[in-house]
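# Commentary on secondary and tertiary structure
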Amino acid sequence: AQKVTQAQTEISVVEKEDVTLDCVYETRDTTYYLFWYKQPPSGELVFLIRRNSFDEQNEISGRYSWNFQKSTSSFNFTITASQVVDSAVYFCALRPPEGGYQKVTFGIGTKLQVIP
Amino acid sequence: DGGITQSPKYLFRKEGQNVTLSCEQNLNHDAMYWYRQDPGQGLRLIYYSQIVNDFQKGDIAEGYSVSREKKESFPLTVTSAQKNPTAFYLCASSAQDRGKQYFGPGTRLTVT
């Protein structure tokens, strides 16, 4: 069975602060994909990143960075110098290997509020 | 532009009525999904379809039905058997050989 835990339900930070959103997962698969999605107030989920379990390199995209630690089953997301536009609900998700049933397991989400 | 459309954005129904939520995609994706989102519970999978004329139940399929007669369309019917239908419903699609899902803007259903 797959499980994704986002222990932080809500976080508030002041603009320009750095913030890290935690994601811990459980799976019996040896290969899998991990994702982060952003859900702004409009409701539509926006894809941020996909990470293959083979690739443990950390990734940076502008103010966003992701820290994948297979040893601790964590895939944390850091926003540097947060902005008001970062206010949203962020979901971490886990998917089995390619092919066949493509069920994605989502965490419950972390609501981030960036205060100006 | 390619994407997923869901209509309407807001839907109101009386208890006991069936209601159908539409989902259309022009991304040429084989797989399509329906999720339900409730506060504090994340996204839960209702149904998914990997190819036309085939679909499978997700984690919370009771009280829902779907059809997949065309690749582009995956409508969801919320039946009167669904005990607590008020929620935000999200449709998504993905290419068979990739994991990234594209989401529609969602439909907020309120049943009173």
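Look up: the structure comes first, before these words.
What you see is a predicted model, and the numbers here were worked out from it, not measured in a lab.

## Focus: the interface of chain A and chain B
The interface is formed by 20 residues belonging to chain A together with 25 residues belonging to chain B. Each partner contributes to the roughly 1,800 Å² buried at the junction of chain A and chain B, and carbon and sulfur atoms together form 49% of this total. Summed over the shared surface of chain A and chain B, the result is zero salt bridges. Counting every contact that joins chain A to chain B gives three residue pairs in polar contact (both at pLDDT 80 or more). Contributions of two or more residues to the side of chain A that touches chain B are made by β5 (33-39), β6 (46-52) and β10 (88-95) of chain A. The element best represented in the side of chain A that touches chain B is β5 of chain A, accounting for three residues. In terms of residue class, the side of chain A that touches chain B is built from nine nonpolar, six polar and five charged.

## Considerations on the pairing of strand β4 (residues 31-37) of chain B
Residues and elements named next belong to chain B. For β4, a buried count of seven out of seven residues is recorded, marking the element as mostly surrounded by other parts of the structure. Residue alternation in β4 divides its side chains into two sets, A31, Y33, Y35 and Q37 and M32, W34 and R36, and both sets are buried. Bridge count for β4 against strand β9 (residues 87-94) is seven bridges, and the pairing is antiparallel. If you follow A31 over to β9, its bridge partner there is S94. As paired strands, β4 and strand β5 (residues 43-51) are joined by six bridges and run antiparallel to one another. When the bridges of β5 are listed, W34 appears paired with Y47.

## Concerning the state of the cysteines
The full count for this structure, using the stated rule, is two disulfides over all chains. Note that C23 of chain A is cross-linked by a disulfide to C92 of chain A, the S-S spacing being 1.9 Å. The sign of the S-S torsion, about -65°, decides the handedness of the disulfide formed by C23 of chain A and C92 of chain A: left-handed. A residue pair is termed long-range when its members are at least 10 positions apart, and C23 of chain A in the loop between β3 (19-21) and β4 (24-26) and C92 of chain A in strand β10 qualify at 69 residues. Just as C23 of chain A is buried, C92 of chain A falls in that class too. Disulfide pairing places C23 of chain B opposite C91 of chain B at an S-S distance of 1.8 Å. Residues C23 of chain B and C91 of chain B are joined through a disulfide that is left-handed, its torsion about the S-S bond being -75°. Remark: C91 of chain B occurs in strand β9 and C23 of chain B occurs in strand β3 (residues 19-25); sequence separation between them is 68 residues. When sorted by exposure, C23 of chain B lands in the same class as C91 of chain B, which is buried.

The rules behind these values
Residues numbered from 1 in each chain as written. Chains lettered and ligands numbered in written order. Predicted model: local features only at pLDDT ≥ 70, side-chain atom pairs only at ≥ 80, totals over all residues. Heavy atoms only, no water. Contact = heavy atoms within 4.5 Å. Buried area = accessible area lost by both parts, 1.4 Å probe. Salt bridge = Lys/Arg side-chain N within 4 Å of Asp/Glu carboxyl O. Polar contact = N/O pair within 3.5 Å; in protein donor to acceptor, adjacent residues only side chain to side chain. Helix = DSSP H or I, 4+ residues; strand = E, 2+ residues; numbered from the N terminus. Nonpolar A, V, L, I, M, F, W, Y, C, P; charged D, E, K, R; others polar. Buried < 20%, exposed > 50% of the residue type's maximum accessible area, 1.4 Å probe, protein only. Pairing = 2+ DSSP bridges. Disulfide = S-S within 2.5 Å.

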